[in-house]
Amino acid sequence: MTTSILGGRTNGSVVAIGECMVELSRGSDGRFGLAYGGDTFNTAVYMARSGVEVAYATALGDDPYSDGILRLAKTESIKTNLIETMPGRMPGLYMIETNEAGERAFWYWRDRAAARDLFDGAKAATTVDAIANARLVYFSGITLSLYSANGLEVLASALAATRKNGGVVAMDSNYRPRGWGGDIKRARSTFARFWALSRIGLPTFDDEHTLWSDETPTATADRLTNLGVSEIVVKNGATGALLRSGSIDRQVPCPAPLQAVDTTAAGDSFNAGYLARRLAGDAPEKAAQRGHELAGIVIQHRGAIVPAEATSAVLKIS
């Protein structure tokens, strides 16, 4: 009988950590539409739609756009008790442009975003306690790019406590060079440090190739295995994903070829499908198949967070 990644543990929350921003995405008519998104927030949304009780840890301002993000979180049944409001601050902003193949490019305005000071704010101790006692904690390389050296120290200590308390730490790579100011050495050392704190690795091969010059998904899995990550899914676009669980590697293909409209949040939604099914007790291969199914729906819509009715058919499948 397959069991959850958490074994018999049922107490504690699922906590996703990062940043939700204002999203401007160009539509087919050339005009920009306003929405909200951010990699780990997107994953939290799709996990919540999958029936997972998830809290989002971030900081926002006291402006109308921050209020919009809070309303979205509540509408999507995401717990907001770990979202701190910082007076006078604002969320970041990003713009998406997509080409004819649905591949996207991002431009960011986020240097003063409130989320950067999550672990230096008034609710930092509450956030750290929630992370330490969580059933599952999820974050990404973009999350890591937000924080000061002190913030990273606080996060690392909290994640070490998560593991000590029997919780699971899951990380996605999501390496964005601009977020690291082109400092590859700092990015590599930070990623390696937090991979070593993670039990589940959900990297995207393109990111790992860019940061580490990995030649194959297997090389990525080998490097993470050497850092102590025990369950690894290397996402590789239309090729599918390489799954390593224990000492066994499997290729999990996408169900069918799809014409992408917008690949924004493809990896984020895959991660949500995967983690939700692992929490429910599915084996890694079946969980990866759910990740592919969910991502396949998301890439056929514009923007990071697609309408709930678009994902409901997939998420209703047990």
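Quantities reported herein were computed from a predicted structural model and do not represent experimental measurements.

S.K.: Hey, could you run me through the overall build of the protein chain in this one?
M.R.: Counting its regular elements, the protein chain contains 11 helices and 13 strands. Here the C-alpha atoms of the protein chain give a radius of gyration of 18 Å, agreeing with the 20 Å that 2.2 N^0.38 yields for 318 residues. Once the C-alpha set of the protein chain is aligned to its principal axes, its extents read approximately 50 × 50 × 40 Å. Counting across all 318 residues of the protein chain, residues that qualify as buried make up 55%. Taken as a whole, the protein chain presents about 13,200 Å² of accessible surface, with 52% of it coming from carbon and sulfur. The distance from the centre of the 33 positive side-chain charges to the centre of the 34 negative ones in the protein chain is 4 Å.

S.K.: Would you explain unusual backbone geometry in this entry?
M.R.: Most peptide bonds take the trans configuration, and most residues that are not glycine carry a negative phi. Positive phi, normally seen in glycine, also occurs at N174, with a value near 45°. Assignment of secondary structure puts N174 in the loop between β9 (168-172) and α6 (184-195). In this structure N174 comes out as buried when scored by relative accessible area, which is 6%. Although it is not a glycine, S213 sits at a positive phi angle of roughly 65°. Positionally, S213 belongs in the loop between α7 (205-212) and α8 (217-226).

S.K.: What is the right way to read the pattern of salt bridges from this model?
M.R.: Pairing between side chains of opposite charge can happen when the charged atoms of each approach one another. Evaluation of the coordinates by the stated rule reveals 16 salt bridges. For K79, the salt bridge goes to E53, with nearest N and O atoms at 3.6 Å. Here the residue K79 occupies a position in the loop between α2 (64-75) and β5 (83-85), and E53 occupies one in the loop between α1 (39-49) and β4 (54-60), the gap between them amounting to 26 residues. Given the relative accessible area of 27%, K79 is considered partly exposed. One salt bridge connects E293 with R290, and the closest N-O pair in it is separated by 3.3 Å. In this pair, E293 and R290 are both assigned in helix α10 (residues 284-298), 3 residues apart and thus about one turn of the helix distant. For E293, a relative accessible area of 32% gives the class partly exposed. Within the structure, one salt-bridge network assembled from shared partners comprises E208, D214 and R223.

S.K.: What should I look at first to understand the nonpolar core in this one?
M.R.: Grouped burial of nonpolar side chains is what soluble globular proteins tend to show. Grouped together as the largest cluster of nonpolar side chains are 53 residues, with contacts concentrated most on F41, M47, I78, L136, I200, Y274 and L275. With sequence-adjacent residues up to four places away left out, I200 is seen in contact with I5, V168, V169, A170, M171, V229, E231, Y274 and L275. Listed in part, the 37 residues of the second largest apolar core include A134, V137, L211 and L242.

S.K.: Sorry, what's going on with the pairing of β9 here?
M.R.: Across a regular strand the side chains alternate sides, sitting on one face of the sheet and then on the other. Within β9, 5 of the 5 residues are buried, which leaves the element mostly enclosed by the surrounding structure. Side chains of β9 alternate between two faces, with V168, A170 and D172 and V169 and M171 buried alike. For β9 and strand β10 (residues 200-201), the ladder comprises 2 bridges, and the chain directions are parallel. Counterpart to A170 in the pairing with β10 is I200. Following the chain from β9 across α6 to the adjacent parallel β10, one finds a crossover that is right-handed.

S.K.: Before we go on, may I ask you to explain the packing of aromatic side chains in this structure?
M.R.: We describe a pair of aromatic rings using the distance from one ring centre to the other and the angle between the two ring planes. With the rule as written, the count across this model stands at 7 aromatic pairs. Ring pairs connect the aromatic residues Y175, W180 and F191, which therefore count as one cluster. The side chain of R110 reaches across the aromatic face of Y108, ending 4.7 Å from its centre.

S.K.: Which parts of the structure should I look at to understand the sheet that holds strand β11 (residues 231-235)?
M.R.: In any sheet, the strands associate via hydrogen bonds between backbone groups, in a parallel or an antiparallel arrangement. Spatial ordering of the open sheet is given by β5-β4-β1-β8-β9-β10-β11-β12-β13, a layout of 9 strands whose pairing is mixed. Taken across any chain shown, the strands that pair with only one partner, and hence form the sheet edges, are β5 and β13 (248-252). Strand direction decides the pairing type here: β10 and β11, joined by 2 bridges, are parallel. Considered in β11, the bridge of G201 is made with I232.

S.K.: I keep staring at the environment of D172 and nothing clicks. Help me out?
M.R.: Relative to the assigned elements, D172 resides in strand β9. Look at D172 and you get buried, because its relative accessible area is 0%. Sequence separation between D172 and L152 is 20 residues, and the spatial gap between their C-alpha atoms is 16 Å. Residues in contact with D172, not counting those within four places in the same chain, are Y138, F139, S140, G141, W195, L202, P203, T204, K235 and N271. A polar contact is formed between the side chain of D172 and the side chain of K235, at a distance of 3.4 Å.

S.K.: In this structure, what is going on with a nonpolar patch on the surface? I would like to understand it.
M.R.: Residues L34, Y65 and M90 make up a contiguous nonpolar surface patch of roughly 290 Å² in combined accessible area. As for its position among the elements, M90 is in the loop between β5 and β6 (93-98). The exposure class of M90 is partly exposed, given its relative accessible area of 43%.

Thresholds, definitions, all that
- Residues numbered from 1 in each chain as written.
- Predicted model: local features only at pLDDT ≥ 70, side-chain atom pairs only at ≥ 80, totals over all residues.
- Heavy atoms only, no water.
- Helix = DSSP H or I, 4+ residues; strand = E, 2+ residues; numbered from the N terminus.
- Rg over C-alpha atoms; globule rule 2.2 N^0.38 Å.
- Buried < 20%, exposed > 50% of the residue type's maximum accessible area, 1.4 Å probe, protein only.
- Areas by Shrake-Rupley, 256 points an atom, 1.4 Å probe, with all protein chains shown as cover.
- Lys, Arg positive; Asp, Glu negative; His and termini not counted.
- Charge placed at Lys NZ, Arg CZ, Asp CG, Glu CD.
- Salt bridge = Lys/Arg side-chain N within 4 Å of Asp/Glu carboxyl O.
- Core = buried A, V, L, I, M, F, W, Y, C linked by side-chain atoms within 4.5 Å.
- Contact = heavy atoms within 4.5 Å.
- Pairing = 2+ DSSP bridges.
- Right-handed = clockwise from strand over helix to strand, strands pointing away.
- Phe/Tyr/Trp six-rings, centres within 6.5 Å; stacked < 30°, edge-to-face > 60°.
- Lys NZ or Arg CZ within 6 Å of the ring centre and 35° of its normal.
- Polar contact = N/O pair within 3.5 Å; in protein donor to acceptor, adjacent residues only side chain to side chain.
- Patch = residues over 30% accessible without salt bridge, like charges linked within 9 Å, V, L, I, M, F, W, Y side chains within 5 Å.

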